[in-house]
Amino acid sequence: MSAAREGRAAATRFCAVIGALFSLLLGPAEAEGQEEVFPLEGLVVTASPTALDEEAVSSHVTVLDGDELRRLGIGSVADALRDVAGIHVVRSGSFGGVTSVFLRGGESDYALVLLDGVPMNQAGGGFDFTELTTEAVERVEIVRGPASALYGSDAVTGVIQVITRTGDGGPSSTISAEAGDFGRRSWAADVRGGGERAAYGVSVSHRSTDGIYALNNESEQRVLHGVGRFRPDARTRVQLSLRVSERTYNFPTDGSGDIVDENAFTYSDATTARISATRELTPLVSVEASIGVNEVDGGTDDAVDGPADSLGLFGFNSLDHFRRNVAEVRGHLQLHPVTFTAGVEYDRERPRSFNESSSEFGTSTGRSESRRDNYASFLHAVGDVGRATYQLGARLEDNERFGTSGTWQAGIASPLGGDGSPIVRASVGTAIKEPTFFENFATGFAVGNPELDPERSFGWEVGVRHRFATALTGGVAFFDQSFDDLIQYTAAPPAPGDPNFFNIAEADVRGVELQLDGSRGPVGFAASMTWLDTEVIDSGFQEGEGATFVEGQPLLRRPEWKGSVRGSLELGPAELSVALSSVGARADRDFAVFPAGAVTLDPYHLLSAGIRWQLAGGGDGGTRLGVRLRGENLLDETYQELYGFPAPGRALHLSVQVGLGR
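This structure is a prediction, so every number in the text was calculated from the model and none was measured.

Asks: Account for the overall build of the chain, naming residues and giving values.
Replies: Summing up its helical and strand segments, the chain has 6 helices and 36 strands in all. Relative to the compact-globule value of 26 Å for 662 residues, the chain shows a C-alpha radius of gyration of 25 Å, a close match. In terms of its C-alpha atoms, the chain occupies a principal-axis envelope of roughly 75 × 50 × 50 Å. The buried share of the chain, reckoned over its 662 residues, is 52%. About 28400 Å² of surface is accessible on the chain, with carbon and sulfur atoms providing 58% of the total. Placing the 56 positive and 91 negative side-chain charges of the chain at their respective mean positions leaves the two points 7 Å apart.

Asks: How would you explain the nonpolar core if you had to name every residue and give the values?
Replies: In this structure, Leu64, Leu81, Ile87, Phe129, Leu132, Ile142 and Ile160 are the most contacted members of the largest nonpolar core, which totals 25 residues. Elements with a minimum of two residues in this core: helix H4 (77–81), strand E4 (87–91), strand E5 (99–103), strand E6 (111–115), strand E8 (137–144) and strand E9 (158–164). At 4 residues, H4 tops the list of elements feeding residues into this core.

Asks: So, the packing of aromatic side chains: which residues are in play, and what are the values?
Replies: A ring pair, where both rings are aromatic, is described by two values, the distance of the centres and the angle of the planes. In this structure the tally under the stated criterion is 13 aromatic pairs. Seen in terms of ring centroids, Trp408 and Phe458 are 6.3 Å apart; in terms of plane orientation they differ by 50°. Their pairing is tilted. Linking Trp408 in strand E22 (residues 403–415) with Phe458 in strand E24 (residues 455–467), this pair joins segments that are 50 residues apart in sequence. On the accessibility criterion, Phe458 (36% relative accessible area) is partly exposed. Ring pairs connect the aromatic residues Phe438, Tyr489 and Phe501, which therefore count as one cluster. In this structure, Arg372 packs its charged tip against the face of Phe437, placed 4.3 Å from the ring centre.

Asks: Tell me what's going on with the pattern of salt bridges, and back it up with residues and numbers.
Replies: Close approach of charged atoms allows side chains of opposite charge to pair. A full pass over the atoms with the stated rule returns 47 salt bridges. As a salt-bridge pair, Glu55 and Arg465 come within 3.6 Å of each other at their nearest N and O atoms. Residue Glu55 is located in the loop between strand E2 (52–53) and strand E3 (61–65), and its partner Arg465 is located in strand E24; the two are separated by 410 residues in the primary sequence. Residue class for Arg465 comes out buried when judged on its relative accessible area of 14%. The closest approach of N and O atoms between Arg229 and Glu138, which form a salt bridge, is 3.8 Å. On the criterion of sequence distance, the pair formed by Arg229 in strand E13 (residues 219–233) and Glu138 in strand E8 is long-range, its members being 91 residues apart. Ionic contacts of the salt-bridge type, sharing partners, join the residues Asp154, Arg324, Asp347, Glu349, Arg372 and Glu434 into one network.

Asks: Got a sec to walk through the side chain of Asn500? Specific residues and values, please.
Replies: The residue Asn500 is located in the loop between strand E25 (472–489) and strand E26 (501–520) in this model. A polar contact of 2.7 Å, which involves the side chain of Asn500, links it to the backbone nitrogen of Val447. What Asn500 contacts, discounting residues up to four positions off in sequence, is Phe445, Ala446, Val447, Gln488, Tyr489, Thr490, Ala491 and Pro493.

Asks: Describe in detail unusual backbone geometry, supporting the description with residues and values.
Replies: When glycine is set aside, most residues are seen to have a negative phi, and most peptide bonds are trans. The residue after His336, namely Pro337, is reached through a cis peptide bond having omega 10°. Summarising the element assignment, Pro337 is placed in the loop between strand E17 (313–335) and strand E18 (338–359). For Phe182, which is not glycine, the phi torsion reads 60° and is therefore positive. As for its placement among the helices and strands, Phe182 is situated in the loop between strand E10 (172–180) and strand E11 (184–194). The exposure class of Phe182 is partly exposed, given its relative accessible area of 23%. Positive phi outside glycine occurs at Asp485, with the angle close to 55°.

Asks: So what's going on with the confidence of the model for the chain? Which residues, and what values?
Replies: With 93% of its residues at a pLDDT of at least 70, the chain reaches an overall mean of 90. Segment residues 17–35: pLDDT under 50, and 32 contacts once partners within four positions in sequence are set aside and those in other chains are kept.

Asks: Tell me about the pairing of strand E29 (residues 574–583), residues and numbers included.
Replies: Burial analysis of E29 places 7 of its 10 residues in the buried class, which makes it a mostly covered element. For strand E28 (residues 561–571) and E29, the ladder comprises 10 bridges, and the chain directions are antiparallel. The residue of E29 that forms the bridge with Arg566 is Ala579. The hairpin turn running from E28 into E29, its antiparallel successor, is 2 residues long, and Gly572 in that turn takes a positive phi close to 65°. Judged from the 10 bridges that link them, E29 and strand E32 (residues 604–616) form a sheet pairing that is antiparallel. For Ser577, the partnering residue across the bridge sits in E32 and is Gly610.

Asks: So, the side chain of Arg324: which residues are in play, and what are the values?
Replies: Note that Arg324 resides in strand E17. From its side chain, Arg324 meets the backbone oxygen of Asn121 in a polar contact 3.4 Å long. A distance of 2.9 Å separates the side chain of Arg324 from the side chain of Asp347, its partner in a polar contact.

Basis of the calculations
Residues numbered from 1 in each chain as written. Predicted model: local features only at pLDDT ≥ 70, side-chain atom pairs only at ≥ 80, totals over all residues. Heavy atoms only, no water. Helix = DSSP H or I, 4+ residues; strand = E, 2+ residues; numbered from the N terminus. Rg over C-alpha atoms; globule rule 2.2 N^0.38 Å. Buried < 20%, exposed > 50% of the residue type's maximum accessible area, 1.4 Å probe, protein only. Areas by Shrake-Rupley, 256 points an atom, 1.4 Å probe, with all protein chains shown as cover. Lys, Arg positive; Asp, Glu negative; His and termini not counted. Charge placed at Lys NZ, Arg CZ, Asp CG, Glu CD. Core = buried A, V, L, I, M, F, W, Y, C linked by side-chain atoms within 4.5 Å. Phe/Tyr/Trp six-rings, centres within 6.5 Å; stacked < 30°, edge-to-face > 60°. Lys NZ or Arg CZ within 6 Å of the ring centre and 35° of its normal. Salt bridge = Lys/Arg side-chain N within 4 Å of Asp/Glu carboxyl O. Polar contact = N/O pair within 3.5 Å; in protein donor to acceptor, adjacent residues only side chain to side chain. Contact = heavy atoms within 4.5 Å. pLDDT = per-residue confidence, 0-100. Pairing = 2+ DSSP bridges.

Below, the structure written as structure tokens:
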């Protein structure tokens, strides 16, 4: 049995043990009518070292509810983020393609992604959002603005954390299946329960599509997720979380979008795990410790297409492994009205890779293995002054590659008047992003620079949030952020043998975010709008046609404006939903030619709608049966999120959901 299969088998046993253990801990009499072990309603856990009421957070925060996402038929976290103010999602064409998120105009590797507290980013900040699905999601928290003072590298323009769900009563389960256009097929099943002492959730899912191309465009993904939370005693809390996934994506296109290959595909097996424990030592002092790991094995397989495939580069295979271990200890001291948090963190990143290329000139191979250790300490304070809540924090990194680096943040949130008055927010801070291992250690056609500094950023924002008497909540935020010491590649280093990577470029972003959501009776409503202005301040080595950075020009693939509006209406056992989203023009490059020519991607407008019908059940117990019909891109808009890669056209999907238990 392979190591990957052994890992998946162990994960399956682990999840089964979680379910059995927590079922025993709960017991049938104790589970009934009890509350969640860790209630999160109305609280945000990502914005500060301790959970805060959403109205006390000093930066712009959005919380997406997992139940609502599943009810609307949104199956991926990336699709859920498309309608969030300040976020632009770019997928390389078909379902399963590499999916990037640009948060507040920053680079696609400037948002830190957490899964139950575990960093999911590759070394240097990159993350493919195709990995994350919504089957096990309790909530998604999006915290905008520099956050390195708490989280370290990669949290430049914000943090996106996915929190997985457990149950809050007797055992229950849900089974769903879906089919639709583009050969879409998926199913998911879960079991969960919870009470005062413990809560658990285990889910499995599978999804596949034939893709939008007639040739070699299938994708498939399987996910197993288990989470358990329990209280051994009144002063101790423990959480275990494990996620295992495997993915394949067949792609017939080259880097410019041309269809050229009949058998190329990528694959990955990923495991994310974490155990954390919190112990209350005294009524004023508590200690929290955690250990997390994120491990990814993957690669690319592009075998020879046939006997005639013998010119140029006609074959390529790669094997890539990345492992990230994070251990952290933090202590909380509550001295009313201030809570102090001090912590230390150890983070080790370790990639290794092997590749083999076949060409008419023979076979060549390459391999690499590196390691980077980072030690950090941080101190934060959260307190009240009158009706205002403030946040202060600082962090010091000691990295074995780029040395010592410090970051800080400060913020305040305060009502303008009495209860029910608008909340004014303001925050300011700095952030860093570490170099990639390729930028540090590349050999061969490019030479890495081990002396690179991290990319740096300074940003601030002001905003207002108000809950109207009509049950609507609205907010507006203005932000401004600068990016310095951006790492750039040059094909002509200063001297022979010098590195090809240097800290040199600069850019600025600023913008306005508006968000409105709420419900009144059977009607639900949500709307968002973003205006964004990006500008290259220093293009560094790049100049002329084909340059990625052009001084005075906007950053690539960031729309100047985007907006969305969504409405829902409950009519007895049925629920109707309609959504319209619009994205403005974006600058891009045509990489089919050299040098890559400047192009402008046209604006696009997408209409989706769905109807969900509860055929049976719907109460707190018994069997529930529902069906949902959902249509995407109903206007059959022709558009591209990445130049040369067409996005999917109109699609209809039909799904069935069966619920058992509470």
